[in-house]
Amino acid sequence: MARIRSTTVLAVLRDGRGAIGSDGQVTLGTTVAKHGAVKVRRLFGGRVLAGFAGGAADAFSLFEKFEGHLERYRGHLKRATVELAREWRSDRFLRRLEAMMIVMDKDDIFTVSGNGDVIEADDHVAAIGSGGPYALAAARALVANTSLDAAVVCRQGLEIAGRICIYTNTNITLLDLGEGEAGDARAAD
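Summarised in this report is the structure supplied together with it. (Residues numbered from 1 in each chain as written. Predicted model: local features only at pLDDT ≥ 70, side-chain atom pairs only at ≥ 80, totals over all residues. Heavy atoms only, no water.)

1. Some details on the pairing of strand β8 (residues 100–104)
A regular strand places its side chains so that they alternate between the two faces of the sheet.
Part 1 of the reasoning: Across the 5 residues of β8, 4 count as buried, placing the element largely inside the fold.
Part 2 of the reasoning: Across 5 bridges, strand β7 (residues 48–53) lies against β8 in antiparallel orientation. Residue pairing for β8: Ala50 is matched across the bridge by Val103.
Part 3 of the reasoning: The pairing of β8 with strand β9 (residues 109–113) spans 5 bridges and is classified as antiparallel. Opposite Ile102, over in β9, you have Thr111 as the bridge partner. (Buried < 20%, exposed > 50% of the residue type's maximum accessible area, 1.4 Å probe, protein only. Helix = DSSP H or I, 4+ residues; strand = E, 2+ residues; numbered from the N terminus. Pairing = 2+ DSSP bridges.)

2. A word on the packing of aromatic side chains
Part 1 of the reasoning: Counted by the stated rule, this structure contains 1 aromatic pair.
Part 2 of the reasoning: Their ring planes at 65° and their centres at 6.1 Å tell us that Phe52 and Phe63 sit as a pair that is edge-to-face. On the criterion of sequence distance, the pair formed by Phe52 in strand β7 and Phe63 in helix α1 (residues 56–72) is long-range, its members being 11 residues apart. Both residues of the pair, Phe52 and Phe63, belong to the buried class. (Phe/Tyr/Trp six-rings, centres within 6.5 Å; stacked < 30°, edge-to-face > 60°.)

3. Notes on the nonpolar core
Part 1 of the reasoning: By size, the foremost hydrophobic cluster in this structure holds 22 residues, and its most contacted members are Leu62, Phe66, Leu70, Trp88 and Met101.
Part 2 of the reasoning: Where this core is concerned, the elements lending two or more residues are β7, α1, α2 (77–90), β8 and β9.
Part 3 of the reasoning: Phe66 has contacts with Leu43, Val48, Leu77, Ala80, Thr81, Leu84, Met101 and Val103, leaving out every residue within four places of it along the chain.
Part 4 of the reasoning: Core analysis: the next-biggest nonpolar cluster, separate from the first, contains 17 residues, Leu142, Ala150, Ala151 and Ile172 among them. (Core = buried A, V, L, I, M, F, W, Y, C linked by side-chain atoms within 4.5 Å. Contact = heavy atoms within 4.5 Å.)

4. Quick look at the pattern of salt bridges
Part 1 of the reasoning: On inspection of all chains with the given rule, the structure shows 7 salt bridges.
Part 2 of the reasoning: Put simply, Asp23 and Lys39 hold a salt bridge, and the shortest N to O gap is 3.1 Å. Taken together, the residues Asp23 in the loop between β3 (17–22) and β4 (26–28) and Lys39 in the loop between β5 (31–34) and β6 (40–43) connect sequence positions 16 residues apart. No difference in accessibility class separates Asp23 from Lys39, as the two residues are buried. (Salt bridge = Lys/Arg side-chain N within 4 Å of Asp/Glu carboxyl O.)

5. Quick look at unusual backbone geometry
Part 1 of the reasoning: In this structure, Asp15 takes a positive phi of about 55° despite not being glycine.
Part 2 of the reasoning: In this fold, Asp15 is placed in the loop between β2 (8–14) and β3.

6. A word on the side chain of Arg14
Part 1 of the reasoning: Structurally, Arg14 is set in strand β2.
Part 2 of the reasoning: It turns out Arg14 is buried and unbridged, and the closest side chain with the opposite charge, Asp15, is 4.3 Å from it.
Part 3 of the reasoning: Non-local contacts of Arg14, meaning those with residues more than four positions away in its chain, are made with Leu142, Val143, Thr146, Ser147, Leu148, Ala150 and Val153. (Lys, Arg positive; Asp, Glu negative; His and termini not counted.)

7. A few points about the side chain of Thr111
Part 1 of the reasoning: If you trace the backbone, Thr111 turns up in strand β9.
Part 2 of the reasoning: Apart from the residues lying within four places of it in its own chain, the contact partners of Thr111 are Met100, Met101, Ile102, Asp117, Val118, Ile119, Ala126 and Ile128.

8. Focus: α1
Part 1 of the reasoning: With 17 residues, α1 extends 24 Å from end C-alpha to end C-alpha; this agrees with the ideal 24 Å at 1.5 Å per step.
Part 2 of the reasoning: Among all positions in α1, only Ala59, Leu62, Phe63, Phe66, His69 and Leu70 are buried. Taken end-on, α1 shows its buried residues confined to a sector of 125°, consistent with a single buried face. Across from the buried face of α1, at angles greater than 90 degrees, the exposed residues are Ala57, Phe60, Glu64 and Arg72.
Part 3 of the reasoning: Residues of α1 that are buried sit in contact with β6, β7, α2 and β8. (Expected span 1.5 Å × (residues − 1). Arc of directions from axis to C-beta.)

As structure tokens, then:
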């Protein structure tokens, strides 16, 4: 069976605001199977944003488990993330998933994997997926050299990755997290 390559997710925190976004492309072998997949989601009443690189069914399972940990630890992002990673690594079914997640709130961004990795973004920028290195480099350059807000940095970083990585497109879903109302934006090619 052909390997599914499906994503670039980028998260940015800047000046009290945060954004997470993803491209929409799902690739099956040498074919683009879908252009508009949504790979980011709001959790815990909109106070936590999460993005997923991997299969859709795996994403739903992990989002559900993670939201359960958020409820259990009353929204404490670091504790819920560590517990998800522990469960993901030790559960016989979950540890077979080849996937990664980025989770964030207004203060922190974590990258989490099934190997038990929980990596805190020390520069408030994190990316995963096949186009992740391109999006990460672009976002870091934008943060260092502009005063653009988190959502604009996130969108532009994903657009740059979409023009470089063959497994990434520029059909972007963006979720914004800030001081007031959080909004969603979706832009098509």
